[in-house]
Amino acid sequence: QVQLVESGGGLVQAGGSLRLSCAASGRSFSRYNMGWFRQAPGKERELVAAIRWSVGSTYFADSVKGRFTISRDNAKNTVNLQMNSLKPEDTAVYYCVAGSAWLPRPPEYWGQGTPVTVSS
């Protein structure tokens, strides 16, 4: 019941910044927990960040804590991932996700992904 479309990926040098955006369609967006997964070739998908539907509580993977910020704008049906101080290890396809339950429950909806490449 939720469609997710990511944008904002691209090529950036190490130490730079990117802002990923996720546009959601469908009803009850504000009632979904939102997040970002990423997956590099040959590696498992990992949860990068998540934000609750209610009060904006957030989760960040240790690898990105202090560098990434997740936010949402329920009025615009969007969720964003601000990525600062990027490292080559951040290179991956980033997926916007939505779920009716909080961690550790898996998300129910996935976007198509937007690639991020960080050059060294």
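Structure: above.
Quick caveat, the model's predicted, so the values are computed rather than measured.

Caption draft 1: Quick peek at the pattern of salt bridges. For the structure on display, the rule yields 4 salt bridges. Residue Arg38 pairs with Glu46 through a salt bridge whose shortest N-O separation is 2.7 Å. Looking at Glu46, the relative accessible area reads 30%, which means it is partly exposed. A salt bridge links Asp90 to Arg38, with the nearest nitrogen and oxygen atoms 2.9 Å apart.

Caption draft 2: Examining the sheet that holds strand β7 (residues 68-73) more closely. Across the sheet, which stays open at both edges, the 4 strands sit in the order β1-β3-β8-β7 with antiparallel pairing between neighbours. Of all strands in the sheet, those with a lone pairing partner are β1 (3-7) and β7, marking the two edges. Mean inter-strand twist for the sheet, computed between neighbouring axes without regard to direction, equals 15°. Direction of pairing for β1 relative to strand β3 (residues 18-25): antiparallel, over a ladder of 5 bridges.

Caption draft 3: Spotlight on unusual backbone geometry. Here Leu103 and Pro104 are connected by a cis peptide whose omega angle stands at 5°. The phi dihedral of Asn77 is positive, around 55°, even though this residue is not glycine. Residue classification places Asn77 among the partly exposed residues on the basis of a relative accessible area of 25%.

Caption draft 4: Just the state of the cysteines, in detail. Considering all chains together, one arrives at 1 disulfide under this definition. Linked covalently through their sulfurs, Cys22 and Cys96 form a disulfide whose S-S length is 2.1 Å. Measuring handedness by torsion sign, the sulfur bridge of Cys22 and Cys96 sits at about -80° and is left-handed. With Cys22 in strand β3 and Cys96 in strand β9 (residues 92-99), the pair connects residues that are 74 residues apart, well separated along the chain. You'll find Cys22 and Cys96 in the same group, each marked buried.

Caption draft 5: How the structure looks around the environment of Thr58. Mapped onto the secondary structure, Thr58 falls in strand β6 (residues 58-60). Along the chain, Thr58 and Arg27 lie 31 residues apart, while their C-alpha atoms are 22 Å from each other. Aside from chain neighbours lying at most four places away, what touches Thr58 is Ala50, Ile51 and Ile70.

Caption draft 6: Structural view of the packing of aromatic side chains. Per the stated rule, a full pass over the model turns up 3 aromatic pairs. Taken together, a centroid distance of 5.9 Å and an interplanar angle of 70° make the contact between Tyr95 and Trp110 edge-to-face. Taken as a pair, Tyr95 in strand β9 and Trp110 in strand β10 (residues 109-110) lie far apart in primary sequence, 15 residues in all. Arg45 extends its terminal NZ or CZ atom over the ring of Trp110, reaching a point 4.6 Å from the ring centre.

Caption draft 7: Fine view of the nonpolar core. Counting residues in each nonpolar core, the largest one holds 30 residues, and the members touching the most others are Met34, Trp36, Phe68, Leu81, Met83 and Tyr94. Those residues within four positions of Leu81 in sequence are excluded, and the remaining contacts are Leu18, Arg19, Leu20, Trp36, Val48, Ala49, Phe68, Thr69, Ile70 and Tyr94.

Rules behind the numbers
- Residues numbered from 1 in each chain as written.
- Predicted model: local features only at pLDDT ≥ 70, side-chain atom pairs only at ≥ 80, totals over all residues.
- Heavy atoms only, no water.
- Salt bridge = Lys/Arg side-chain N within 4 Å of Asp/Glu carboxyl O.
- Buried < 20%, exposed > 50% of the residue type's maximum accessible area, 1.4 Å probe, protein only.
- Pairing = 2+ DSSP bridges.
- Helix = DSSP H or I, 4+ residues; strand = E, 2+ residues; numbered from the N terminus.
- Axes fitted to C-alpha atoms, helices over the stretch in contact; angles between N-to-C directions.
- Disulfide = S-S within 2.5 Å.
- Contact = heavy atoms within 4.5 Å.
- Phe/Tyr/Trp six-rings, centres within 6.5 Å; stacked < 30°, edge-to-face > 60°.
- Lys NZ or Arg CZ within 6 Å of the ring centre and 35° of its normal.
- Core = buried A, V, L, I, M, F, W, Y, C linked by side-chain atoms within 4.5 Å.

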